[in-house]
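What follows is the residue order along each chain.
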Amino acid sequence: MSPTSSESLRESYARDGYVVVPQVLSREECGALVARTEGLMRGEVRDTRVRPNQIQTQFGAGNGVKMVKLSQLTASDPVFGELASRPSVVDVVETLIGPGARIFRDVLIVKPGRTGGPVSYHQDSAYWDVEPKALVSCWVALTDVAADGSCLEVIPGTHDRSRPHGLYLRGRHPLPQPVVSALRKAVSYAGTGDNPGEAGGSTAVWKLKRLVLAQATRYLPVLGDLQDYRVRLEEVASARTLSLPLRAGDAVFFHSLLLHATGPNRSERTRYAPIISYMSRDARFVGRGKADFRPARREQAA
């Protein structure tokens, strides 16, 4: 990466809280990752350590699949592990947060056409027990993602400070703050970043969380609202939002305080998007238990 392009990336990121980088993957690589994702969901991939409990299906109204989450693939699948450490990704990450970046967590979200549900505006650092609140996430489109296909939406410049978050049933009925605070504390007990293996927390609590927020939504879809920890409605009521449609292989790198969301998938195509989050070399884990984060660059891990 040339000094000029690096400086341009840093300036845009500092101003807006995100940058779009085209073609970090080829279309052929994207197709192979989509095929592998489908194989993992069907349990047909043999050269992997992905366990069934890493795959969570959340249901919405009418028992349609709202989304499927595949967690911590970079630690348990060699192909997705390579994606997290490939130079085309890590070079950008370290341009933005400095050398020695570490992998904090990852999740691949699959949203089926027509039934894929929204994720409300939020700041990732509201969920995560890491200081300072200055992580960077790489959101990769594995297929073309149009504006109606649940593309990433952002509010530029909102990475300047933390904002209050809450939980809303049916999208409009706020839960009492003591209840919200108790549920947020439970997230820490389950392992920050939905990662009990590497980011502290209890596997037993994580399994309970998975039962309530994923499996039980087949029968009570409203329970999915307890996972939608979102910025308070007044924070976005008059904000200038921006949709970021992408071509397959494009990536958005965004700050963990940037307000972002995804809408429902109104298209006919399934959307596949791995999201890999990185912390700086000097970032501190402030959650419960012990944590162990892997270097982003493979040569550092050798």
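Structure shown above.
Description of the structure in this document. (Residues numbered from 1 in each chain as written. Predicted model: local features only at pLDDT ≥ 70, side-chain atom pairs only at ≥ 80, totals over all residues. Heavy atoms only, no water.)

In this section: the environment of Ser26. Mapped onto the elements of the fold, Ser26 is located in the loop between strand 1 (18–21) and helix 2 (27–42). Look at Ser26 and you get partly exposed, because its relative accessible area is 25%. Placed 223 residues apart in sequence, Ser26 and Gly249 show a C-alpha to C-alpha distance of 5.6 Å. (Helix = DSSP H or I, 4+ residues; strand = E, 2+ residues; numbered from the N terminus. Buried < 20%, exposed > 50% of the residue type's maximum accessible area, 1.4 Å probe, protein only.)

Computed from the structure, the second largest pocket encloses a volume of approximately 450 Å³. Around the second largest pocket sit 25 residues that line it, and Lys66, Gly117, Pro118, Asp225 and Asp228 are the ones nearest its centre. Looking at the lining of the second largest pocket residue by residue, the classes come out as twelve nonpolar, eight polar and five charged. (1 Å grid on protein atoms, 1.4 Å probe; cavity = no way out; pocket = protein on both sides within 12 Å on 5 of 7 lines; lining within 4 Å. Points joined across faces, edges and corners; volume = space filled by probe spheres on them. Nonpolar A, V, L, I, M, F, W, Y, C, P; charged D, E, K, R; others polar.)

All right, on to the environment of Ser71 then. Within the secondary structure, Ser71 is located in strand 3 (residues 65–71). The class for Ser71 is buried, based on a relative accessible area of 3%. The spatial distance from the C-alpha of Ser71 to the C-alpha of Arg105 is 8.2 Å, given a sequence separation of 34 residues.

Sheets are built from strands that pair by backbone hydrogen bonding, the pairs being arranged parallel or antiparallel. Pairing within the open sheet is antiparallel, and its four strands lie in the order 5-15-8-13. Whereas interior strands pair on both sides, the edge strands pair on one side only; in this sheet they are strand 5 (119–122) and strand 13 (242–244). Averaged over all adjacent pairs, the angle separating strand axes in this sheet is 25°, with direction ignored. Across three bridges, strand 8 (residues 152–154) lies against strand 15 (residues 260–262) in antiparallel orientation. Across the sheet, residue Leu152 finds its bridge partner in strand 15, namely Thr262. (Pairing = 2+ DSSP bridges. Axes fitted to C-alpha atoms, helices over the stretch in contact; angles between N-to-C directions.)

Time to look at the side chain of Arg297. Inspection of the secondary structure assignment puts Arg297 in the loop between strand 18 (294–295) and helix 9 (298–301). Overall, the relative accessible area of 16% leaves Arg297 in the buried class. A distance of 2.5 Å separates polar atoms of two side chains, one belonging to Arg297 and the other to Asp91. Polar side-chain contacts of Arg297 include one of 2.9 Å to the side chain of Glu94. (Polar contact = N/O pair within 3.5 Å; in protein donor to acceptor, adjacent residues only side chain to side chain.)

Per the counting criterion, the structure on display carries 16 salt bridges. For Arg163, the salt bridge goes to Glu235, with nearest N and O atoms at 3.3 Å. With Arg163 in the loop between strand 8 and strand 9 (165–166) and Glu235 in helix 8 (residues 233–236), the pair connects residues that are 72 residues apart, well separated along the chain. According to the relative accessible area criterion, Arg163 is buried, its value standing at 12%. One network of salt bridges, with partners in common, ties together Arg27, Asp144 and Arg247. (Salt bridge = Lys/Arg side-chain N within 4 Å of Asp/Glu carboxyl O.)

A few words now on the packing of aromatic side chains. Under the defined criterion, the tally for this structure stands at four aromatic pairs. Taking the centre distance of 5.7 Å and the plane angle of 45° together, the rings of Phe104 and Phe293 count as tilted. Linking Phe104 in strand 4 (residues 102–111) with Phe293 in the loop between strand 17 (284–285) and strand 18, this pair joins segments that are 189 residues apart in sequence. Phe293 shares its class with Phe104; the two are buried. (Phe/Tyr/Trp six-rings, centres within 6.5 Å; stacked < 30°, edge-to-face > 60°.)

Turning next to helix 4 (residues 78–85). Buried within helix 4 we find Phe80, Gly81, Leu83, Ala84 and Ser85. Where helix 4 begins, the side chain of Asp77 points an oxygen toward the backbone nitrogen of Val79, at a separation of 3.1 Å.

Ranked by size, the top nonpolar core spans 40 residues in total, and within it Leu96, Phe253 and Tyr278 carry the most contacts. Residue contributions to this core peak at six residues, all from helix 5 (residues 87–97). In terms of nonpolar packing, the next biggest core, distinct from the first, is built from 17 residues, Cys151, Leu246, Leu258 and Ala273 among them. (Core = buried A, V, L, I, M, F, W, Y, C linked by side-chain atoms within 4.5 Å.)

On to unusual backbone geometry, then. Residue Pro132 follows Glu131 across a cis peptide bond; omega there is -10°. With respect to the element layout, Pro132 can be found in the loop between strand 6 (130–131) and strand 7 (136–140). The backbone of Gln23 shows a phi angle near 55°, a positive value even though the residue is not glycine. Of note, Gln23 is situated in the loop between strand 1 and helix 2. On the basis of relative accessible area, Gln23 is assigned to the partly exposed category, the value being 43%. The residue Gln72 is not glycine, and still its phi comes out positive at about 55°. You can see Gln72 is positioned in the loop between strand 3 and helix 3 (73–76). Overall, Gln72 belongs to the buried group, its relative accessible area being 9%.

From the geometry alone we can't say anything about function, so treat these as descriptive.
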